[in-house]
Amino acid sequence: MANWRERTYCGEINLGHDGQSVVISGWVDTVRDHGHLLFIHLRDIKGLIQVVFDPTVATDMVVARSLRSEFVVTVSGVVRRRADDTVNSKLLTGEWEVVAHHMEILNKALTPPFAISDKEVDGAVCVDEDLRLRYRYLDIRRPSVQSSLVTRHAILQEVRRFLSDHQFIEVDTPVLTKSTPEGARDYLVPSRVHQGSFYALPQSPQLFKQLLMVGGLDRYFQITKCFRDEDLRPNRQPEFTQIDLEASFIDEEFIMQLVEGLLHRVFAVRGIELPSPFPRLTYADSMNRYGNDHPDLRFGLPMIDVTETVRSVNYNIFKTIISSGGRIKGINVKGQSDKLSKNVLQEEFAKKVVPSLGAKGMTWMRVENNQLVSNIVQFFTDSEQSALRQVMQAEDGDVLMFIADSSPRLVNDVLGRFRCYVADFLGIIPSDVVAPCWVTDFPLFELIDGQLSAMHHPFTQPSGTIDSGMNRDTLASVSARAYDVVINGVEIGGGSIRIHSPEQQTTIFEILGLSESDIRQKFGFFIDAFKYGAPPHGGLAIGLDRLVAMVLGTDSIRDVIAFPKNRMAVCPMTQAPDTVDPEQLSDLGVAVTVPVVR
RNA sequence: GGGGGCGUAGUUCAGCUGGUUAGAACGCCUGCCUGUCACGCAGGAGGUCGAGGGUUCGAGUCCCUUCGCUCCCGCCA
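Nothing here was measured: the structure is a model prediction, and the numbers come from that model.

A. Geometry of the sheet that holds strand S4 (residues 72-81). Spatially, S1-S2-S3-S5-S4 is the arrangement adopted by the 5 strands of the closed barrel, whose pairing is mixed. Strand after strand, the sheet turns through a mean of 55 degrees between neighbouring axes, direction not considered.

B. Seen up close, the packing of aromatic side chains. Applying the stated criterion across every chain, the model contains 17 aromatic pairs. Taking the centre distance of 5.0 Å and the plane angle of 25 degrees together, the rings of Tyr 315 and Phe 379 count as stacked. Here Phe 379 lies in the loop between strand S15 (371-373) and helix H10 (382-391) and Tyr 315 lies in the loop between strand S12 (304-305) and helix H8 (316-323), a separation of 64 residues in the sequence. Put simply, the rings of Phe 459, Phe 509, Phe 523, Phe 525, Phe 526 and Phe 530 touch in pairs and so form one group of aromatic residues.

C. Highlighting the protein's contact with RNA strand B. Neighbouring RNA strand B are 46 residues, the closest being Arg 82, Thr 86, Ala 454, His 456 and Arg 567. Taken together, the sugar and phosphate atoms account for 51% of what RNA strand B places within 4 Å of the protein. One of the side-chain N or O atoms of His 34 is found 2.9 Å from a phosphate oxygen in RNA strand B. One of the side-chain nitrogen or oxygen atoms of Asp 231 is found 2.7 Å away from a base nitrogen of RNA strand B.

D. Examining the sheet that holds strand S14 (residues 363-368) more closely. With antiparallel pairing, 5 strands are arranged side by side in an open sheet as S12-S13-S16-S14-S15. At either end of the open sheet lies a strand with only one pairing partner, and these are S12 and S15. Here strand S13 (residues 327-333) pairs with strand S16 (residues 399-405) via 7 bridges, running antiparallel. Residue pairing in the sheet places Val 333 in a bridge with Val 399 of S16.

E. Quick look at the domain arrangement of chain A. Here chain A is described as being made up of domain 1 (4-107), domain 2 (148-281 + 436-567) and domain 3 (299-426). Between the C-alpha centres of domain 2 and domain 3 the distance comes to 38 Å.

F. The arrangement of helix H13 (residues 502-511) in detail. What H13 keeps buried is the set Pro 502, Gln 505, Thr 507, Ile 508, Phe 509 and Ile 511. Looking at the buried side of H13, the elements it contacts are strand S18 (445-448), strand S19 (451-454), helix H12 (472-476) and helix H14 (516-530). Where H13 terminates, the next one or two residues include Gly 513, which has phi positive at roughly 95 degrees.

G. Examining the pairing of strand S3 (residues 47-53) more closely. Extensive coverage of S3 is indicated by the burial of 6 of its 7 residues. From the end of strand S2 (residues 38-44) to the start of S3, which pair antiparallel, there are 2 residues. Relative to strand S5 (residues 96-107), S3 runs parallel, the two being bridged by 3 bridges. Within the sheet, the bridge partner assigned to Val 52 lies in S5 and is Val 99.

H. Structural detail: the state of the cysteines. Applying the stated criterion across every chain yields a total of 0 disulfides. Looking at the unpaired Cys 420, the closest cysteine sulfur is the one in Cys 437, lying at 12 Å. The exposure class of Cys 420 is partly exposed, given its relative accessible area of 28%.

I. Highlighting the side chain of Gln 222. Counting through the fold element by element, Gln 222 comes out in strand S9 (residues 219-227). Only 3.0 Å separates the side chain of Gln 222 from the backbone nitrogen of Thr 173, close enough to count as a polar contact. Excluding residues that lie within four positions of it along the chain, Gln 222 makes contacts with Glu 170, Val 171, Asp 172, Thr 173, Pro 205, Gln 242, Ile 243 and Asp 244.

J. Highlighting the pattern of salt bridges. Here the structure, examined in full by the defined rule, presents 37 salt bridges. Between Asp 296 and Arg 298 there is a salt bridge; the shortest N-O distance is 2.7 Å. Here Lys 334 makes a salt bridge to Asp 398, at a shortest N to O gap of 2.8 Å. Taken together, the residues Lys 334 in the loop between S13 and helix H9 (342-357) and Asp 398 in the loop between H10 and S16 connect sequence positions 64 residues apart.

K. Quick look at the nonpolar core. Core analysis: the biggest nonpolar cluster contains 41 residues, and Leu 163, Leu 263, Phe 267 and Ile 542 have the highest contact counts within it. When contributions to this core are tallied by element, the ones reaching two or more residues are helix H4 (143-165), S9, strand S10 (239-248), helix H6 (252-268), strand S20 (482-487), strand S21 (490-497), strand S22 (537-543) and helix H15 (544-552). With 8 residues, the single largest contributor to this core is H6. Judged by nonpolar contacts, the second largest core, of 30 residues, contains Leu 207, Cys 437, Leu 475 and Ala 534.

L. Main features of the packing of H9 against helix H11 (residues 408-426). At a minimum axis separation of 10 Å, H9 and H11 run at an interaxial angle of 135 degrees. On the basis of the axis angle, H9 is oblique to H11. Along this stretch, H9 crosses H11, giving a crossing that reads as right-handed. Residues Val 344, Glu 348, Phe 349, Val 353, Val 354 and Leu 357 of H9 pack against Val 414, Arg 417, Phe 418, Tyr 421, Val 422 and Phe 425 of H11. Partitioned by chemical class, the residues of the contact of H9 with H11 number 10 nonpolar, no polar and 2 charged.

M. Summary view of the environment of His 294. Residue position: His 294 is located in the loop between helix H7 (283-290) and S12. A sequence separation of 69 residues divides His 294 from Lys 225, and the C-alpha atoms of the two residues are 23 Å apart. In this view, His 294 contacts Ser 286, Val 486, Gly 489 and Glu 491; residues no more than four positions away in its chain are not counted. Polar contacts involving the side chain of His 294 include one to the main-chain carbonyl oxygen of Gly 489, which spans 3.0 Å.

N. Representation of the packing of H4 against H15. The contact between H4 and H15 brings their axes to 10 Å, and the two run at 115 degrees. Classified by chirality, the crossing of H15 by H4 is right-handed. On H15, the residues that touch Ser 148, Thr 151, Arg 152, Ile 155 and Leu 156 of H4 are Leu 544, Asp 545, Val 548, Val 551 and Leu 552. Counted by class, the contact of H4 with H15 contains 6 nonpolar, 2 polar and 2 charged residues.

O. Geometry of H10. Among all positions of H10, only Glu 384, Gln 385, Leu 388 and Arg 389 are buried. One face of H10 carries all of its buried residues, which in axial projection span an arc of 135 degrees. Seen from the buried face of H10, the exposed residues on the opposite side, beyond 90 degrees, are Asp 382, Ser 383 and Gln 390. Residues of H10 that are buried make contact with S14, S15 and S16. After H10 finishes, the residue Gln 393 shows a positive phi value of roughly 50 degrees.

What counts, and at which threshold
Residues numbered from 1 in each chain as written. Chains lettered and ligands numbered in written order. Predicted model: local features only at pLDDT ≥ 70, side-chain atom pairs only at ≥ 80, totals over all residues. Heavy atoms only, no water. Pairing = 2+ DSSP bridges. Helix = DSSP H or I, 4+ residues; strand = E, 2+ residues; numbered from the N terminus. Axes fitted to C-alpha atoms, helices over the stretch in contact; angles between N-to-C directions. Phe/Tyr/Trp six-rings, centres within 6.5 Å; stacked < 30°, edge-to-face > 60°. Near = heavy atom within 4 Å. Polar contact = N/O pair within 3.5 Å; in protein donor to acceptor, adjacent residues only side chain to side chain. Domains from an automatic or database assignment. Buried < 20%, exposed > 50% of the residue type's maximum accessible area, 1.4 Å probe, protein only. Contact = heavy atoms within 4.5 Å. Disulfide = S-S within 2.5 Å. Salt bridge = Lys/Arg side-chain N within 4 Å of Asp/Glu carboxyl O. Core = buried A, V, L, I, M, F, W, Y, C linked by side-chain atoms within 4.5 Å. Parallel < 35°, antiparallel > 145°, perpendicular 65-115°, else oblique. Left-handed = near helix turned anticlockwise from the far one by under 90°. Nonpolar A, V, L, I, M, F, W, Y, C, P; charged D, E, K, R; others polar. Arc of directions from axis to C-beta.

So this is what it looks like as structure tokens:
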């Protein structure tokens, strides 16, 4: 019945169709009934076209007058160039219209709970997200959402082609797999055949891709779902997609160059140019200058340590903090003095924003007439002021802001976040700049409550040699052959050169506190594999959802996932997760011990 | 788990120090309209103010509890 052989897409009607008969199918976007003539905009995935129903031509005027928004129709008619004074310049197809001869309503539609048409000024862009997700199929019908998913597709195509061109083989790995310690909480799947045992959904295909290297596949990639049962954020979903890759007989440089090339191609999908090569900074530099391991390099405002500069200043707060081993760091907001009133600096920033970020307070100074101006400047001698101006590279019109705390870690953390807050507040983050970088030389371990744990993951190769006889502090200072790629302050991907020696891998597990039986039970197959000739290898994984969101300039990966879950990890459309029949639980040998409230 | 914000018509929102019958815009329905395109004109319908409790002569507004959504922190090798 459907005339798909002759179908023309609404959004593709152009000069080439002038005077031709066409069949178009889609959804009614708007209806304008003039009593005599009736116009509709018909929408499909390619765009909109105006259809004219003229009673002297159309055979179905009565039916046409019953059309409502979102009815599904197919129209056959003739493409006609519009009269000059009726061209709609807001429409890509605005020079053309289809004069309807026949029209068939394929399906009626209820009035949608929110506007579908992106033409609506107060349109669905601002509609409550939970409502959009409940009717996600309607939300997807909106051109802006379709466009995001089409871009995601285009990016996936680029990734596949680029990696295939570089001799990478796409292999898929199991979704039902084995739970391993460390990392995030697992999603578990009970086994019916082996009651009391569980599969875990993979947090990443890490072990499998390394085993593919042992299998001699040399270069592997996969675009795959990963699962982590942790609390959600705008850029964190319980299931998300990774571009996972691994290669043998390579080093860090290979991976970095490959990924830079890949990212250039991906951003080119939307005509965005990236610098080449990406700037690199070490973990230590990043922490010191930006307060975290995912620096936003779109704007300046690096953090400057002034602890030594103000060590002798006779200001009690600073003296107390310095004597207890604390640090004082600042940022110089260049030339923004007139935009930062005393009220904002003191009442807003110092009393509200900074405390909410976790520090006790914030000290600020203006630079005027080559002098520091502040309520605490009286405690500084002329030479101390001069030294401070020099360290901060302070000039007239600048505002200096300092955070001091007895915990150097807290200073980094709070000032790092405050730096971003101030940049956003002042609107000095350029919207047309994409600033990628590599962060390297991560610590291999971090010390959490006196226990060493892997910072990246336990398969990362140390930069030097280590052995289980080394003490904790020594081990905590060992760096890893790991690297993260960061764009605009968002970690987009990360990876490392892996351990390929069974002895070294065992040593790492031991350092992490795994017993010999734990190692055998959890990773025995993995260590065994290394005993049969594992090649040196390494790789990286990119968060596809974050990458697509970055290309599209949106903050939430929910905008680039067809059916995302909400903040509570619930799908508002299907209402998953849900209870199951007692028989299902019985089959699985699973008993629910919490009261079920729905 | 901790902290912040929000919840009023189908949608997006307004609703003052508590005070008649809770409003606007868009959408929806009916009619009119020969070129509109955010069509226009005339008329109309539509509300458990998230839920429960309390204070009060009187609660959308104040208090308590609770539910939902959202943002930040924790968490996320």
